[in-house]
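The chain contents come next:
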Amino acid sequence: MSEKPWDGRFSQKTDKLVEAFTSSIQIDKRLYAYDIEGSMAHCKMLAKSGIITGDDASSLISGLEKIKTEIEADQFRFDDSLEDIHMHIEDRLFQITGTVARKLHTARSRNDQVALDIRMYLRTETLIITSHLAELRKVFLALAKKYMDVTLPGYTHLQRAQPVLLSHHLMAYYEMFSRDADRFRDTLKRINVMPLGSAALAGTTYPIDRHYTAELLGFPRVSVNSIDSVSDRDFIIEFLSSASLCMMHLSRISEELILWSSSEFAFIELSDAFSTGSSIMPQKKNPDVPELTRGKTGSVFGSLISLLTMMKSLPLSYNRDMQEDKKPLFEAADTLKACIEIYINMLPTITINSESMRQATSAGFLNATDMADYLVTRGMPFREAHSCVGKMVSYALDKKKELHELGIEELQSFSSLIEEEIFDFLTTEQMISRRKSFGGTAAENVMAAIEEAEKSLDKEDP
Ligand code: ARG
């Protein structure tokens, strides 16, 4: 293989072990398209600034185009002795164009080059993720609309608490994924900053035009401090933090789907196409997709912690440690995209067992709060009502009955304020429809929230 571009001051050949140890090509080769696009823009800028001739720029650009075609046709040779994607492309360019290739690296270094490549990669990934998230949110909206008449227990502490509309529960996830999308869009502002031309760390003596490079590459901003430009990886950490939060949300719905599809809950059934069987127990239908999503959440958190730990205490500016950023970053981005994508496809195939959900609202004293509220509407102070209903619950527990299964005389023995109308007052439908406070589960609120969400999703930037 060719000589290394940096080997002028070396008198010994690099040890094979060191070559293998320092090489990142197997991981960073996927940045090739960004690297080539960045190099083309750099060439144009060098020519425009009179640093290289227009002819040189043209032959460099056509060489770079040829390399792109070769890589995409699987006709490009990758070799550990050339470390990374930047050196591979430069080396091949030399073979294609001859000495003019050596001019491409004028006024830049791999330190600003790699920062540019990752920023371009992350900008694309972030846009893919926000558009995946928009699809996912549309799925939640469609399900929320479809299941407006389904009720189920809302839980706190995983204990039945108060009845809610399934649509309200689904819209809670809509909110979570909307915040995720917002976070990614916000992170994009700090990803979308152009570092090239910072060179190794101190800037360059050539009369370059960094703003022109930024314009060619569609960056709205140019980084302002050359030292910071080559040593900043905050934008990766922010991206991983947004990815971690989004995975955490996916792990929560995964956990619910796992619980809800168990015989103990029997609230839903996953479709056969999105379940797997057991090789030993013929009756089993396992929720592997939610389980794996829950499991993969850990590896995305791991990527975030890797990056934070890698950057902790690093002196300015670029340090080779930073080459270790790519593997966890790529893995996390790939995992998140795959999980969102499979959820977009799986969620609509779930069968909702509305009868068991409804049944579950009629046991477990879900109407105890409403019984207290009833007494309050009839003039009893809330604390007193709370304690009165507590006694009723204890009595009903003894009788193995629910509050609405007690007779009117039994109820009246706790308070003479109670009248026959109480039985209507305590139905699941009534309990839900009374919760009209903004953000509450009453159907009219939930419908309004869905409509509002549909409007804002339509207006949203990608
Ligand atoms: N492969 C390196 C990385 O990903 C590129 C920059 C290397 N710079 C250097 N001076 N060795 O960080």
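Summarised in this report is the structure supplied together with it. (Residues numbered from 1 in each chain as written. Predicted model: local features only at pLDDT ≥ 70, side-chain atom pairs only at ≥ 80, totals over all residues. Heavy atoms only, no water.)

Some details on the overall build of the protein chain
Logical step 1: When helices and strands are counted, the protein chain shows 19 helices and six strands.
Logical step 2: Over its C-alpha trace the protein chain gives a radius of gyration of 31 Å, far above what one expects of a compact globule, namely 23 Å for 462 residues.
Logical step 3: Projected onto its principal axes, the C-alpha coordinates of the protein chain cover approximately 100 × 50 × 40 Å.
Logical step 4: Considering only intrachain contacts with a sequence separation of at least 6, the fraction spanning at least 24 residues in the protein chain is 76%.
Logical step 5: Of the roughly 22,600 Å² of accessible surface on the protein chain, a fraction of 53% belongs to carbon and sulfur atoms.
Logical step 6: Across the protein chain, the centroid of the 53 positively charged side chains sits 3 Å from that of the 68 negatively charged ones. (Helix = DSSP H or I, 4+ residues; strand = E, 2+ residues; numbered from the N terminus. Rg over C-alpha atoms; globule rule 2.2 N^0.38 Å. Contact = heavy atoms within 4.5 Å. Areas by Shrake-Rupley, 256 points an atom, 1.4 Å probe, with all protein chains shown as cover. Lys, Arg positive; Asp, Glu negative; His and termini not counted. Charge placed at Lys NZ, Arg CZ, Asp CG, Glu CD.)

A closer look at helix H13 (residues 354-361)
Logical step 1: The complete set of buried residues in H13 reads Ser356, Met357, Ala360 and Thr361. Angularly, the buried residues of H13 cover 145 degrees about the axis, an arc narrow enough to put them on a single face. (Buried < 20%, exposed > 50% of the residue type's maximum accessible area, 1.4 Å probe, protein only. Arc of directions from axis to C-beta.)

Looking at the site of the ligand
Logical step 1: Residues in close proximity to the ligand include Ser24, Asp84, His86, Arg110, Asn111, Val114, Tyr318, Arg320, Gln323 and Lys326, which together make up its full environment.
Logical step 2: In the environment of the ligand, a nitrogen atom lies 2.9 Å from a nitrogen or oxygen atom belonging to the side chain of asparagine 111.
Logical step 3: About the coverage of the ligand: the protein hides 86% of its 340 Å² of free accessible area.
Logical step 4: Among the elements that line the shell around the ligand, the one with the most residues is helix H6 (residues 110-146), at three residues.
Logical step 5: Here the residues of the shell around the ligand sort into two nonpolar, four polar and four charged. (Near = heavy atom within 4 Å. Polar contact = N/O pair within 3.5 Å; in protein donor to acceptor, adjacent residues only side chain to side chain. Nonpolar A, V, L, I, M, F, W, Y, C, P; charged D, E, K, R; others polar.)

Structural notes on the packing of aromatic side chains
Logical step 1: All told, the structure shown has twelve aromatic pairs when counted by the stated rule.
Logical step 2: Summarising the aromatic geometry, the rings of tyrosine 121 and phenylalanine 330 are spaced 4.8 Å apart at their centres and angled 70 degrees between planes, so their arrangement reads as edge-to-face. With tyrosine 121 in helix H6 and phenylalanine 330 in helix H12 (residues 326-346), this residue pair connects regions lying 209 residues apart in the sequence. When sorted by exposure, tyrosine 121 lands in the same class as phenylalanine 330, which is buried.
Logical step 3: Through pairs of rings, three or more aromatic residues link up here, namely Tyr155, Trp260, Phe265 and Phe267.
Logical step 4: Of note, lysine 29 hangs over the ring of phenylalanine 78, and the distance from its end group to the ring centre comes to 4.9 Å. (Phe/Tyr/Trp six-rings, centres within 6.5 Å; stacked < 30°, edge-to-face > 60°. Lys NZ or Arg CZ within 6 Å of the ring centre and 35° of its normal.)

Here's the deal with the nonpolar core
Logical step 1: By size, the foremost hydrophobic cluster in this structure holds 108 residues, and its most contacted members are Leu136 and Leu347.
Logical step 2: Tallying contributions element by element places H6 first for this core, with 15 residues.
Logical step 3: Excluding residues within four positions of it along the chain, leucine 136 makes contact with Phe177, Leu250, Ile340, Tyr343, Ile344 and Leu347.
Logical step 4: Counting residues in hydrophobic clusters, the runner-up holds 21 residues, among them Cys388, Val389, Leu403 and Ile418. (Core = buried A, V, L, I, M, F, W, Y, C linked by side-chain atoms within 4.5 Å.)

A look at the pattern of salt bridges
Logical step 1: Applying the stated criterion across every chain, the model contains 32 salt bridges.
Logical step 2: For the salt bridge of aspartate 370 with arginine 435, the shortest nitrogen-to-oxygen distance reads 3.0 Å. Residue aspartate 370 is found in helix H14 (residues 368-377), and its partner arginine 435 is found in the loop between helix H18 (428-433) and helix H19 (443-459); the two are separated by 65 residues along the sequence.
Logical step 3: The buried category is assigned to arginine 435, whose relative accessible area is 18%. (Salt bridge = Lys/Arg side-chain N within 4 Å of Asp/Glu carboxyl O.)

Comments concerning the environment of histidine 157
Logical step 1: Structurally, histidine 157 is set in the loop between strand S1 (151-156) and strand S2 (159-165).
Logical step 2: Histidine 157 sits 276 residues away from serine 433 along the chain, and the two C-alpha atoms are 24 Å apart.

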